[in-house]
Amino acid sequence: MEFDFETNLLVAIIVSVSTISQAAFGVGILLWGTPALMLLNFSFPDALGLLLPISLLVSGLQFAPNISKLDFNFIGQFIKFSIPGLTIGLLLVMFVQLHLNIVIALMLLVVFIMRKNYFLSTLRDLTLKYDRIFMFFVGFSHGISNLGGALLVARLSLERYSKNHFRTNVSATYFVFAASQLIILLMVNGKLTISISYILIGLCFYFIVNTLLAPRINTKLFDSLINYLILTMAIFLFVRSLI
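Since the structure is predicted, the reported quantities are computational estimates derived from the model, not experimental observations.

Parameters and conventions
Residues numbered from 1 in each chain as written. Predicted model: local features only at pLDDT ≥ 70, side-chain atom pairs only at ≥ 80, totals over all residues. Heavy atoms only, no water. Phe/Tyr/Trp six-rings, centres within 6.5 Å; stacked < 30°, edge-to-face > 60°. Helix = DSSP H or I, 4+ residues; strand = E, 2+ residues; numbered from the N terminus. Buried < 20%, exposed > 50% of the residue type's maximum accessible area, 1.4 Å probe, protein only. Salt bridge = Lys/Arg side-chain N within 4 Å of Asp/Glu carboxyl O. Patch = residues over 30% accessible without salt bridge, like charges linked within 9 Å, V, L, I, M, F, W, Y side chains within 5 Å. Areas by Shrake-Rupley, 256 points an atom, 1.4 Å probe, with all protein chains shown as cover. Core = buried A, V, L, I, M, F, W, Y, C linked by side-chain atoms within 4.5 Å. Contact = heavy atoms within 4.5 Å. Expected span 1.5 Å × (residues − 1). Arc of directions from axis to C-beta. Axes fitted to C-alpha atoms, helices over the stretch in contact; angles between N-to-C directions. Parallel < 35°, antiparallel > 145°, perpendicular 65-115°, else oblique. Nonpolar A, V, L, I, M, F, W, Y, C, P; charged D, E, K, R; others polar. Polar contact = N/O pair within 3.5 Å; in protein donor to acceptor, adjacent residues only side chain to side chain.

Colleague: Residue-level account of the packing of aromatic side chains, with values.
Modeller: Inspection of every chain in the model, using the stated rule, returns four aromatic pairs. Taking 6.4 Å as the distance between ring centres and 20° as the angle between the ring planes, the aromatic pair formed by F74 and F78 counts as stacked. Here the residue F74 and the residue F78 both occupy positions in helix α4 (residues 72–93), the gap between them amounting to four residues, near one helical turn. Of the residues examined, F74 reaches a relative accessible area of 5% and is grouped as buried. Following the ring pairs from residue to residue traces out a cluster consisting of F74, F78 and F177.

Colleague: So what about the pattern of salt bridges? Which residues, and what values?
Modeller: Applying the stated criterion to the full structure yields one salt bridge. Residue R155 pairs with D131 through a salt bridge whose shortest N-O separation is 2.7 Å. A residue pair is termed long-range when its members are at least 10 positions apart, and R155 in helix α8 (residues 148–157) and D131 in helix α7 (residues 131–145) qualify at 24 residues. For R155, a relative accessible area of 5% puts it in the buried group.

Colleague: Would you mind going over a nonpolar patch on the surface in detail, with residue names and values included?
Modeller: Residues F5, L9, L10, I13 and V17 make up a contiguous nonpolar surface patch of about 500 Å² in total accessible area. Along the chain, V17 falls in helix α1 (residues 5–25).

Colleague: Describe unusual backbone geometry, listing the residues and the values that go with them.
Modeller: One non-glycine residue, N41, adopts positive backbone phi at about 75°. Inspection of the secondary structure puts N41 in the loop between α2 (29–39) and α3 (44–63).

Colleague: Go over the nonpolar core with me, naming the residues and quoting the values.
Modeller: Membership of the largest hydrophobic core comes to 64 residues, with the highest contact counts inside it found for L37, L50, I54, V153, F177 and I226. In contact with L37, other than residues within four places in its own chain, are V11, I14, F42, A47, L50 and L51.

Colleague: Any details on helix α10 (residues 196–213)? Residues and values, ideally.
Modeller: Over its 18 residues, α10 runs 25 Å from end to end, which matches the ideal 26 Å to within 8%, given 1.5 Å per residue. Buried within α10 are the following residues: Y198, I199, G202, L203, Y206 and V209. Looking straight down α10, one finds its buried side chains confined to an arc of 135°; they lie on one side. α10 presents I196, T211 and L212 as exposed residues on the side facing more than 90 degrees away from its buried surface. Buried residues along α10 sit in contact with α1 and α3.

Colleague: Mind laying out the packing of α7 against α8, listing which residues take part and the relevant values?
Modeller: With their axes 7 Å apart at the nearest point, α7 and α8 run at an angle of 150° to one another. Classified by the angle between their axes, α7 and α8 sit roughly antiparallel to one another. Every residue of α8 that contacts α7 at D131, F134, F137, V138, S141 and H142 is listed here: G148, G149, L151, L152 and R155. When grouped by side-chain class, the residues that make up the contact of α7 with α8 number five nonpolar, four polar and two charged.

Colleague: Give me the side chain of Q62: which residues, what numbers.
Modeller: Mapped onto the elements, Q62 comes out in helix α3. For Q62, the side chain forms a polar contact with the main-chain oxygen of Q22, separated by 2.9 Å.

Colleague: Before we move on, could you go through the side chain of R167 and cite the residues and values that matter?
Modeller: Mapped onto the elements of the fold, R167 is located in helix α9 (residues 163–189). For R167, a relative accessible area of 13% gives the class buried. Only 2.5 Å separates the side chain of R167 from the backbone oxygen of A23, close enough to count as a polar contact. Those residues within four positions of R167 in sequence are excluded, and the remaining contacts are A23, A24, Q62, N210, A214 and F222.

Pasting the structure below:
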């Protein structure tokens, strides 16, 4: 990909900031990077082509050393119900422009309230009861917008994992998302242009955050940060839907 200096600098900043988020919480490169690149007039497929290899590598580095912390039951259910939704959504968005920002934002606000108010345990139980439908929608929304990571964080936050279990399982499911999207893009387009320089930038910031920042975040602080991340994502999606 050939860009002018200003565009290269902006893309490098976007990759750096979104990688910091993904290194800390398991999501971020696709969640924040996609809308930011589209503001620079990237098409959705071009944004995917640039970000997916970075997201795939970072997610793999996150969960590979901690395979023993994977919840294989959840990941199995996730693959079974989310990946069909992702496939349908990604194929559909290549022909039809869909906007689900408001819907996703409302769902995030509900999850935020559920995490802050334990009197809403009935609502939490209802979400888990219809988990298959929720997972399908997570995949579908990710396929059409790359924003399924927001709902993925919200859903896994209901499991009350420890910090390391949470990051491991989020990164593993995000890895499955990225791998599936890459396979579909290759099948549809027949080729994929990879930028080594942006991959190296992403990896550098991942190792910095994973080495210096992540170990300093205790479980209580991490849980609070997840709450604020969910709220921030909801506000971000509301604002984006108005632009």
